[in-house]
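Here is what each chain is made of, one letter per residue.
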Amino acid sequence: MLWLAIAVGATGCAIIGTTSSIEIINSSGSIEAIDLTPRHYRSIEHCEAAVAKITPSLEASLAPLTVEQRKLMKWPALIAGFRIRDCRSFKKRGEILSVFEDIFSAKTRRIAFILPPAGGSEAALQTILDQVRSEFRREGYNPDNAVLVRRVERNRDDALKAAAQLIHMDRVAMIVGGLSPEHASALSQMADQTQTPVLLVSANAPLGKTIQSMRVYPPLKRLANRLVDTFKTQGVKDAFVFYPQNANLELFHLMRGLSNDRINYSERTYNPDKPESILSAVKSQLGRIGSASGRPAVLILDNFRMVRHIVNIIGTSLPSTPTLFAGNQQWRSPALVVPRDDLLQGAIFVDFIGSYQNLPDRIETPITDSEYFTTAQAASRIDYQIIGHRLATLGVQAARFGVNRHQIAKRLQSTRNSWDSYFPKTELAFDVQRESSWPVFMFEVSGETIKEL
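Residues numbered from 1 in each chain as written. Predicted model: local features only at pLDDT ≥ 70, side-chain atom pairs only at ≥ 80, totals over all residues. Heavy atoms only, no water.

## Points about the overall build of the protein
For the protein, the count of helices and strands is 15 helices and 16 strands. Oriented by its inertia axes, the alpha-carbon framework of the protein measures out at about 85 × 50 × 40 Å. Taken over 453 residues, the protein has a buried fraction of 53%. Restricting the contact set of the protein to residue pairs at least 6 apart, pairs at least 24 apart contribute 66%. Of the roughly 20,600 Å² of accessible surface on the protein, 49% is carried by carbon and sulfur atoms. Positive and negative side-chain charges in the protein, numbering 53 and 45 respectively, have mean positions lying 5 Å apart. (Helix = DSSP H or I, 4+ residues; strand = E, 2+ residues; numbered from the N terminus. Buried < 20%, exposed > 50% of the residue type's maximum accessible area, 1.4 Å probe, protein only. Contact = heavy atoms within 4.5 Å. Areas by Shrake-Rupley, 256 points an atom, 1.4 Å probe, with all protein chains shown as cover. Lys, Arg positive; Asp, Glu negative; His and termini not counted. Charge placed at Lys NZ, Arg CZ, Asp CG, Glu CD.)

## What to know about the side chain of Lys107
Here Lys107 lies in the loop between α4 (90-105) and β5 (111-115). No salt bridge is formed by the buried Lys107; its nearest oppositely charged neighbour, Glu101, is found at 12 Å. Residues within four places of Lys107 in sequence aside, it is in contact with Arg171, Val172, Ala173, Ala398, Ala399, Phe401, Val403, Asn404, Arg405 and Ile408. (Salt bridge = Lys/Arg side-chain N within 4 Å of Asp/Glu carboxyl O.)

## Quick word on the packing of aromatic side chains
In the structure shown here, the tally under the stated rule is eight aromatic pairs. Taking 5.5 Å as the distance between ring centres and 75 degrees as the angle between the ring planes, the aromatic pair formed by Phe252 and Tyr265 counts as edge-to-face. Placement of the pair is Phe252 in helix α10 (residues 250-258) and Tyr265 in strand β11 (residues 264-270), with a sequence separation of 13 residues. Just as Phe252 is buried, Tyr265 falls in that class too. (Phe/Tyr/Trp six-rings, centres within 6.5 Å; stacked < 30°, edge-to-face > 60°.)

## Overview of the pattern of salt bridges
Between side chains of opposite charge, pairing is possible as soon as their charged atoms come close. Counting across every chain of the model gives 18 salt bridges. With a shortest N-O distance of 3.9 Å, Arg150 and Asp170 are connected by a salt bridge. Of this pair, Arg150 sits in strand β6 (residues 147-151) while Asp170 sits in the loop between α7 (156-169) and β7 (174-177), placing them 20 residues apart in sequence. The partner of Arg222 in a salt bridge is Glu427, with the nearest N and O atoms 2.9 Å apart. Of this pair, Arg222 sits in helix α9 (residues 220-233) while Glu427 sits in the loop between α15 (408-413) and β15 (441-446), and the two are 205 residues apart along the sequence. Linked through salt bridges whose partners overlap, the residues forming this network are Glu135, Glu139, Arg362 and Arg400.

## Looking at the packing of helix α1 (residues 43-62) against helix α8 (residues 181-194)
Axis separation between α1 and α8 bottoms out at 8 Å; the angle between their running directions is 140 degrees. One way to sum up the angle between α1 and α8 is to call them oblique. Of the two possible hands of crossing, α1 and α8 adopt the one that is left-handed. Between α1, through Ser57, Leu58, Ala60 and Ser61, and α8, the contact on the second element is made entirely by Met190, Gln193 and Thr194. (Axes fitted to C-alpha atoms, helices over the stretch in contact; angles between N-to-C directions. Parallel < 35°, antiparallel > 145°, perpendicular 65-115°, else oblique. Left-handed = near helix turned anticlockwise from the far one by under 90°.)

## Points about the state of the cysteines
Taken as a whole and judged by the stated rule, the model has one disulfide. Each sulfur in the disulfide pair Cys47 and Cys87 lies 2.1 Å from the other. Here the disulfide of Cys47 and Cys87 is left-handed, its torsion about the S-S bond being about -70 degrees. With Cys47 in helix α1 and Cys87 in the loop between α3 (75-80) and α4, this residue pair connects regions lying 40 residues apart in the sequence. Considered together, Cys47 and Cys87 belong to a single accessibility category, that of buried residues. (Disulfide = S-S within 2.5 Å.)

## A few points about the sheet that holds strand β16 (residues 449-452)
Ordered in space as β11-β10-β12-β13-β14-β15-β16, the seven strands form an open sheet in which the pairing is mixed. Each edge of the open sheet carries a strand with a single partner, namely β11 and β16. If you compare each strand with its neighbour and ignore which way they point, the axes differ by 25 degrees on average. Bridge analysis of strand β10 (residues 238-244) against β11 gives seven bridges, and the strand direction is parallel. (Pairing = 2+ DSSP bridges.)

## Description of the nonpolar core
By size, the foremost hydrophobic cluster in this structure holds 100 residues, and its most contacted members are Phe231, Ile314 and Leu391. Broken down by element, this core gets its largest block of residues, 10 residues, from helix α14 (residues 376-400). Taken domain by domain, this core gets at least three of its residues from each of domain 2 (111-217 + 381-419) and domain 3 (220-351). With 44 residues, the next largest nonpolar core counts Ile24, Ala50, Ala159 and Leu160 among its residues. (Core = buried A, V, L, I, M, F, W, Y, C linked by side-chain atoms within 4.5 Å. Domains from an automatic or database assignment.)

## So, the packing of α1 against α4
When two helices pack together, their arrangement is captured by the angle between the axes and the distance separating the axes. Packing of α1 against α4 leaves a shortest axis separation of 10 Å and a crossing angle of 45 degrees. Classed by the angle they form, the pair α1 and α4 counts as oblique. Taken as a pair, α1 and α4 cross one another with a handedness that is left-handed. Listed contacts from α4 to Ser43, Ile44, His46, Cys47, Ala50, Val51, Ile54, Thr55 and Leu58 of α1 are Arg93, Ile96, Leu97, Phe100, Ile103 and Phe104. A breakdown of the residues in the contact of α1 with α4 according to their chemical character gives 11 nonpolar, three polar and one charged. (Nonpolar A, V, L, I, M, F, W, Y, C, P; charged D, E, K, R; others polar.)

## Some remarks on α10
Within α10 the residues assigned to the buried category are Leu251, Phe252 and Met255. The buried side chains of α10 occupy one side of the element, clustering within an arc of 95 degrees when seen end-on. In this structure, the buried residues of α10 make contact with α9, β10, β11 and β12 (297-300). (Arc of directions from axis to C-beta.)

## Notes on helix α11 (residues 275-290)
An ideal rise of 1.5 Å per residue puts 22 Å on 16 residues; α11 measures up with 22 Å between its terminal C-alpha atoms. Considering bend angle alone, the principal kink of α11 is centred on Ser284 and spans about 25 degrees. Inspection of α11 places Ser277, Ile278, Ala281, Val282, Gln285, Leu286 and Ile289 among the buried residues, and these make up the whole buried set. The secondary structure elements touched by the buried residues of α11 are β10, β11, β12 and α12 (304-317). (Expected span 1.5 Å × (residues − 1). Bend = angle between axes of the 7 residues up to and from the residue.)

## Things to note about the pairing of β10
Sheet faces and side chains relate simply in a regular strand, where the side chains alternate between the two faces. Among the seven residues of β10, seven are classified as buried, and the element is accordingly described as predominantly covered. Neither face of β10 is exposed, since Asp238, Phe240, Phe242 and Pro244 on one face and Ala239, Val241 and Tyr243 on the opposite face are all buried. As defined by bridge partners, β10 adjoins β12 across four bridges and the pair is classed as parallel. Residue pairing in the sheet places Phe240 in a bridge with Val298 of β12.

Given below as structure tokens:
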């Protein structure tokens, strides 16, 4: 081994190598980094910390396994025999630190999926898995060997057991899952205890404490930021929000949290099955829209059919008010722009997909007369294929990295998207909250089509 640096401490000079540290959740619940560098002027202290704090964490990660499964591995018995006093021996502390390093480093070129049993979302899951397998195959891997899939009941104990087996016995490089809260909680725990990278395919499940757990899911906060920024540049001070009963309002809540009191929001809901409910909701806001300071914005969180209806009511009632109509990805449909509607010209909406011609070349996309629209069937499939594509590219990187397993997460989080052309090349693969970067596009209605802004 090539020793690269000289450290000067209270005990004098000592030659050290490249630092190798592990993050452990200590008894107080905070994160503590423990150095496993074998030759270091503080190696006695590091060895003592490893025996005292790493051992309980690793042993806890073994708890879901059976006694027979644990006997198949050599290291559980080894670490059970470690004693703090052994760290006073130069030879023994080197052996102890090396054993811990090997445990956290061991990996194969495989990734694993922990998924719930087949159910209502099975078609979407199969689309994601098919995309992952296809891309592994194109990168030279046999997906039957490189991609492991475990179906697990939606409870925490079963997920812990599956994760422990995959990490300790199959030595996978990464685990993907977290589609249920129980699975997400179990995987985050195992990621922290074993320093194994985990990708959570979940919009809101909490990540673990250490950097090992990351989120791969289209982040609504990016759509919220783009809409709020556009409102501000357009001089919007008052925004009027309309949405159907039982609508998903996460985007709106994120926008309201970003406004910093510079945008005043007023909201109304309606029953989409009752025309009088829609009319009543809109009419209740007409006076305020017409008297708003600056340019008023009308945010419609509904599909293109309702958009046309609400825009027509407001546009014909307030023909001289320069209203900015805005929406989310539900707007995207050729029926939004054909036939042409003068009242909709200049309306904007956000989406995670730009031109369908610019999608990853591994995703087949039928194109209509416009590069910004595809068939309804393909649109639903493509959303899941993009998630599969992202998981596959991250998984391939994890399998290829010439680093130890516990270093994969740090490498991913410090790497820009240069290896995945669809995602923003200038951005890191994950932001500081450990959420995957994702492209966001703003569209404007123009004639009988839409254009990117």
